[in-house]
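# Structure assessment
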Amino acid sequence: MKRFIGFVTKEFYHIFRDRRSLFILFGMPIVQILLFGFAITNEINNVDIAILDHSKDATTQEIINKISASKYFNIKQFIQHEKEIESVFRKGKVKAVLNFENDFSKNLIKENQATIQIITDATDPNTANTISNFVNSILQKYQQDQNKGVAINYIIIPEPQMTYNPELKSVYMFVPGVMTIILMLVSAMMTSISITREKELGTMEILLVSPLKPIQVIIGKVFPYIFLSVINATVIVLLSIFIFKMPIQGSLFLLALESILFIISSLALGILISTISKTQQTAMMISLMGLMLPVILLSGFIFPISSMPLPLQIISNAIPAKWFIIILKGIMLKGVGLEFIWKETLILIGMTVFFIGLSVKKYKIRLE
C-alpha cells in the first residue's frame, strides 16, 4: 500500500511540473469547418411540444393544425390537466406547452380576444425565446388569414411564461456546459496524454513489471485526475451559486454522484484513447478531434440537437457529455430526482463499462 501511495504522490508532482500537459494547442480545421457549418444555427426545427386544450372547439383545432403543419414543431402529446405540465417538463419530453383557455372560440366572438399561454422550458433560454417567437409568428399569420380583406375584429393574445429560468439568464445554460467541458478536459485528455507519455518514454513496461500490480499502475495514473476533477466540479458549483446566483434545485448528493460517474466515464475514455496512441501529440489530437469539438457542438451545450441533420443527431447519442448535460440541467435547474434521469444514468454507466472493457482487453490487465 505504501508503494501505491508513493506512486500516486509521484504522479501528482509530475502533473504540476509538466506544463505541456496543461495546454491545448492542437486543432482540426477541416473538422471544425464541417461541424460548425452544420451545427451552428439560431433556428429551431422539429421541437417537441405538448398541447393543453381546455376549449376543444373548431378554432383551437385549426390553430393546432397550423402549428403541427409547420416545420418547427412536432406535437408530442396532448395533456388534459395543468398539473401534468410540470411532469412532462421534468421528464424532458417536450420543450413547450401551449395552453388554450376555456371557451376559446366564444371569447373570440364575444370579447374579440382569447388567450393562449405559451409555457416553455427555459433551461435553454435561447431556444425558449425562439420557440415563443415562432409560436407568436404562426398565431399572427393565422389571424391575418382569418381577417383577409376585412377589419380585424378580434385578437389572440399569447402569454409567454418561462419556467425554470424566468429571467432568461444565459448563465443557466452555460454553467452545465462549462462544467462538462472542464471535467472532460481534465479527466479524459490529461489521462490519455499521461499514460501515452509513459509509453512514449518506454517506462510503461517498467511500471507494469514493478512490484505494483498492473491494475494499481493504471489506477495510480488516473487517481490524481479524479481528485482534480472533483475539485473542479466543486469550484464550478460554488461559483455558480455565489457568483452567478444560480439556484441548485435538486439534491447536491445526487449531483455529486452523477459528477463522479461522468468523471470515471471520461477517465475510462482517456485510458481507451491511450491504448491507440503511441505519442503524446497523437493522444492530444485524438482528444481534441474526438472529445472537445463534439462536446461543444454535438452535446446540446450551445445548439439544440433537434435542429441538426439526422446523421449528427445519431452521432450525438455516442457522446457521454450529451447525457451528462441533460442530467446536470435536470438536477440543477429542474430539481428532478433519479426517477427522471435514470435512463441517462444507465447510458453513462454502460458507456463507462464499454470503455473500461476495451481498455482492459487492450492492455491485457488481469483483474483480481
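Residues numbered from 1 in each chain as written. Predicted model: local features only at pLDDT ≥ 70, side-chain atom pairs only at ≥ 80, totals over all residues. Heavy atoms only, no water.

### Focus on the overall build of the protein chain
Condition: Per the convention used, a helix needs a DSSP run of H or I reaching at least four residues, while a strand needs a run of E reaching at least two, with both numbered from the N terminus. Here's how the labels work: a residue is buried when its accessible area is under 20% of the maximum for its type, exposed when over 50%, partly exposed in between, all with a 1.4 Å probe on protein chains only. Any pair of residues with heavy atoms lying within 4.5 Å of one another is described as a contacting pair. For every accessible area listed, the method is Shrake-Rupley and the probe measures 1.4 Å; residues are considered covered only by the protein chains on display.
Secondary structure summary: the protein chain contains 14 helices and five strands in total. Per-residue burial for the protein chain yields a buried fraction of 50% across its 368 residues. Considering only residue pairs separated by 6 or more positions, the protein chain has 79% of its internal contacts joining residues 24 or more positions apart. Carbon and sulfur atoms provide 63% of the accessible area of the protein chain, an area that totals close to 18,500 Å².

### Comments concerning the packing of helix 10 (residues 252-275) against helix 13 (residues 320-334)
Going by this rule: For helices, the fitted line uses only the C-alpha atoms of the stretch in contact; every axis is such a line through C-alpha atoms, and the angle between N-to-C directions lies from 0 to 180 degrees. Should an angle lie under 35 degrees it is considered roughly parallel, over 145 roughly antiparallel, and from 65 to 115 roughly perpendicular; all remaining angles are considered oblique. Three classes are used: nonpolar for Ala, Val, Leu, Ile, Met, Phe, Trp, Tyr, Cys and Pro, charged for Asp, Glu, Lys and Arg, and polar for all others, with Gly counted as polar.
As a packed pair, helix 10 and helix 13 sit with axes 10 Å apart at the nearest point and diverge in direction by 170 degrees. Classified by the angle their axes make, helix 10 and helix 13 are roughly antiparallel. Facing Leu 254, Leu 255, Glu 258, Ser 259, Phe 262 and Ser 265 of helix 10, the residues of helix 13 in contact are Pro 320, Ala 321, Phe 324, Ile 327, Leu 328, Ile 331 and Met 332. When the residues that make up the contact of helix 10 with helix 13 are grouped by side-chain class, the tally is ten nonpolar, two polar and one charged.

### Considerations on the nonpolar core
Here is the rule we go by: Nine residue types can take part in a nonpolar core, namely buried Ala, Val, Leu, Ile, Met, Phe, Trp, Tyr and Cys, and a core is a set of them joined through side-chain atoms within 4.5 Å.
Counting 60 residues, the largest nonpolar core has Met 179, Leu 183, Met 184, Phe 262, Leu 269, Met 332 and Leu 348 as its most contacted members. If you list the elements that add at least two residues to this core, you get helix 7 (171-201), helix 9 (214-242), helix 10, helix 11 (280-297), helix 13 and helix 14 (338-363). The element contributing the most residues to this core is helix 7, with 13 residues. Residues within four places of Met 184 in sequence aside, it is in contact with Met 189, Phe 262, Ser 266, Leu 269, Leu 291, Val 295 and Ala 321. Of all hydrophobic cores here, the second largest spans 22 residues; its members include Val 47, Phe 100, Tyr 142 and Ile 156.

### A short note on the confidence of the model for the protein chain
Which entries qualify depends on this criterion: Looking at any residue, its pLDDT shows the predictor's confidence there, from 0 to 100.
Averaged over all residues, the pLDDT of the protein chain is 78; the fraction at 70 or higher stands at 80%. Averaged pLDDT values for the elements of the protein chain fall to 47 in helix 2 (residues 29-39) and rise to 91 in strand 3 (residues 96-100). Low pLDDT (under 50) marks residues 24-30, which in the prediction has eleven contacts with non-local residues, meaning those over four places away or in another chain.

### Some remarks on the sheet that holds strand 4 (residues 113-121)
In any sheet, the strands associate via hydrogen bonds between backbone groups, in a parallel or an antiparallel arrangement. Rules: One requirement defines pairing of two strands: DSSP has to find at least two bridges between them.
Judged by pairing direction, the sheet is mixed, and its five strands sit side by side in the order 2-1-3-4-5 without closing on themselves. Two strands in the sheet have a free side with no partner beyond their single neighbour: strand 2 (73-79) and strand 5 (155-163). Going from strand to strand, the sheet's axes swing by 25 degrees on average, the running direction of each strand aside. Relative to the sheet, helix 5 (residues 104-111) contacts strand 3, strand 4 and strand 5, its axis offset from that of strand 4 by approximately 135 degrees.

### Notes on the pairing of strand 4
The two faces of a sheet get side chains in turn, since along a regular strand they alternate between them. Burial runs high along strand 4: seven of the nine residues are buried. One ladder, built from five bridges, connects strand 3 with strand 4; its direction is antiparallel. Considered in strand 4, the bridge of Leu 98 is made with Ile 118. In the sheet, strand 4 pairs with strand 5 via nine bridges, with the strands oriented parallel. In the sheet register, Asp 121 faces strand 5, and the bridge partner there is Thr 163.

### What about a nonpolar patch on the surface?
For the record, the criterion: Each patch is assembled from residues with relative accessible area greater than 30% and no salt bridge, linking like charges that lie within 9 Å and nonpolar side chains (Val, Leu, Ile, Met, Phe, Trp, Tyr) that lie within 5 Å. Whenever Lys or Arg places a side-chain nitrogen within 4 Å of a carboxyl oxygen from Asp or Glu, that contact is recorded as a salt bridge.
Where nonpolar side chains cluster on the molecular surface, the patch consists of Ile 219, Phe 223, Phe 227, Ile 231, Val 235, Leu 238, Leu 239, Phe 242, Ile 243 and Phe 244 and spans about 920 Å² of accessible area. Structurally, the position occupied by Val 235 is in helix 9. We classify Val 235 as partly exposed; its relative accessible area is 41%.

### Regarding helix 13
Convention followed: Multiplying one less than the number of residues by 1.5 Å gives the expected span of a helix.
Counted at 1.5 Å a residue, the expected span for helix 13 with its 15 residues is 21 Å, and the 20 Å between its end C-alpha atoms agrees. Burial of helix 13 is extensive: 14 of the 15 residues sit out of reach of the surface. One or two steps after helix 13, the chain reaches Gly 335, where phi turns positive at roughly 70 degrees.

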